[in-house]
Amino acid sequence: MPELPEVQTIVNELQTNLPGRKISSCRIIRESIVHGDHNRFQKIVEKKTIIKIDRLGKYIVIHLSTDVWIIVHLRMTGKFVLQPDSRSTHKHDRAVFQLDNRLKLIFSDVRCFGTLEVCDDLGKHKGLRQLGLDPWSKKLTAGILKLKFDARKIPIKTALLDQKIIAGLGNIYASEILFDAGINPMIPANKLSKGKLSAIIQSMRKILSLALKYNGTSISDYRRVDEKQGMFQNFLKVYGKADQKCLNCSSKIEKIVQNQRSTFLCPLCQK
Ligand SMILES: [Zn+2]
């Protein structure tokens, strides 16, 4: 599932290519991916000019002329592909935006959990309104996390996945961040000192920046807009490494299940 570095990579690539382009036409191939009426979606986005592409949490927000936004969530396997308009339709293409420069922007999704919707007031969008702090927000401090985690007895790994607290993390980076910070993923969030929370914030920014530098992690379906892979999978230290040696101490990396999700950790390095 794409997390912050993967979504930001896609946003950066769309932002390089799309602003100023007009959507000549829009074809919805799989109607169920559109939240709301798909005919209305088509009508609203057609003939609009793309102004800017942003990321909010794991959402992609495409600002169109006359202040309407396309809000996209990639979920498990959603992706955007930019191709010449001569490219034939592929099996997993779900929506096609024909642009005015002989390119088309394709929303492709193998499993179809991804969503597209139009919105004319970002402040009223339920998913966006519920988003917690961005990992790079100046408001994200150890003090604020201490307050937010105060009543939460859930393990820190599970707390890091709660998009209403910090927006953008998923299973891969939560494991990597806690390994980097030397913190056991099973520790209840409300038991962590400000010093430990500060270490988590530092590791979060470090790991996410590095993952962004390598254009994200391609271990399953995630691909960039040009269909190339991200490269951060080559730098993962614990995720997917069960029974391999810890790079720091040579202990065996363990895999545990928390809240139905896999967590990877070094039992010696993460106390
Ligand atoms: Zn270790």
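As the structure is a prediction and not an experimental result, all values here were calculated from the model.

## Quick look at the domain arrangement of the protein
Domain annotation for the protein reports domain 1 (4–129) and domain 2 (142–265). Relative to domain 2, the C-alpha centre of domain 1 lies at a distance of 28 Å. Between domain 1 and domain 2, the contact holds 18 residues from the first and 19 residues from the second. Roughly 1,600 Å² is buried in total at the junction of domain 1 and domain 2, and carbon and sulfur atoms are behind 60% of that figure. Across the contact surface, domain 1 and domain 2 share 1 salt bridge. Connecting domain 1 to domain 2 are 8 residue pairs in polar contact (both at pLDDT 80 or more). Looking at the side of domain 1 that touches domain 2, the elements that each hand over two or more residues are α1 (4–17) and β5 (78–84). Ranked by the residues each element gives to the side of domain 1 that touches domain 2, the list is headed by α1, at 9 residues. Each residue belonging to the side of domain 1 that touches domain 2 can be placed in one class, and the counts come to 8 nonpolar, 6 polar and 4 charged.

## With respect to the packing of aromatic side chains
Taken as a whole, this structure holds 6 aromatic pairs when the rule is applied. With 5.1 Å between their ring centres and 65 degrees between their planes, Tyr239 and Phe264 make a pair best called edge-to-face. In this pair, Tyr239 is assigned in the loop between α7 (194–213) and β9 (254–258) and Phe264 in strand β10 (residues 261–265), connecting sequence segments 25 residues apart. Here the aromatic cluster, defined as three or more aromatic residues joined through ring pairs, consists of Tyr173, Tyr214, Phe232 and Phe235.

## Focus on the coordination of the zinc ion
At this site the zinc ion is bound by Cys246 (SG), Cys249 (SG), Cys266 (SG) and Cys269 (SG), with donor distances of 2.2 to 2.4 Å. Around the zinc ion, the 4 donor atoms are arranged such that angles at the metal cover 101 to 113 degrees; this shape is classified as tetrahedral. Donor residues for the zinc ion, ordered by position in the chain, follow C-x2-C-x16-C-x2-C. Owing to a relative accessible area of 23%, Cys269 belongs among the partly exposed residues under this scheme.

## A word on the pattern of salt bridges
For the coordinates displayed, the defined rule picks out 9 salt bridges. Residues Arg224 and Glu13 are paired through a salt bridge, measuring 2.7 Å at the closest nitrogen-oxygen approach. Of this pair, Arg224 sits in the loop between α7 and β9 while Glu13 sits in helix α1, placing them 211 residues apart in sequence. Note on Arg224: relative accessible area 16%, which makes it buried. Here Glu13 falls in the buried class, since its relative accessible area comes to 12%. A salt bridge links Asp54 to Lys52; the shortest N-O distance between them is 2.8 Å. Among the residues examined, Asp54 registers a relative accessible area of 32% and is labelled partly exposed. Residue Lys52 is classed as partly exposed on the basis of its relative accessible area of 37%.

The rules behind each value
- Residues numbered from 1 in each chain as written.
- Predicted model: local features only at pLDDT ≥ 70, side-chain atom pairs only at ≥ 80, totals over all residues.
- Heavy atoms only, no water.
- Domains from an automatic or database assignment.
- Contact = heavy atoms within 4.5 Å.
- Buried area = accessible area lost by both parts, 1.4 Å probe.
- Salt bridge = Lys/Arg side-chain N within 4 Å of Asp/Glu carboxyl O.
- Polar contact = N/O pair within 3.5 Å; in protein donor to acceptor, adjacent residues only side chain to side chain.
- Helix = DSSP H or I, 4+ residues; strand = E, 2+ residues; numbered from the N terminus.
- Nonpolar A, V, L, I, M, F, W, Y, C, P; charged D, E, K, R; others polar.
- Phe/Tyr/Trp six-rings, centres within 6.5 Å; stacked < 30°, edge-to-face > 60°.
- Donors = N, O, S within 2.8 Å, 3.2 Å for Na, K, Ca; no water.
- Tetrahedral: all angles 85-135°; square planar, octahedral: opposite > 155°, others 65-115°.
- Buried < 20%, exposed > 50% of the residue type's maximum accessible area, 1.4 Å probe, protein only.

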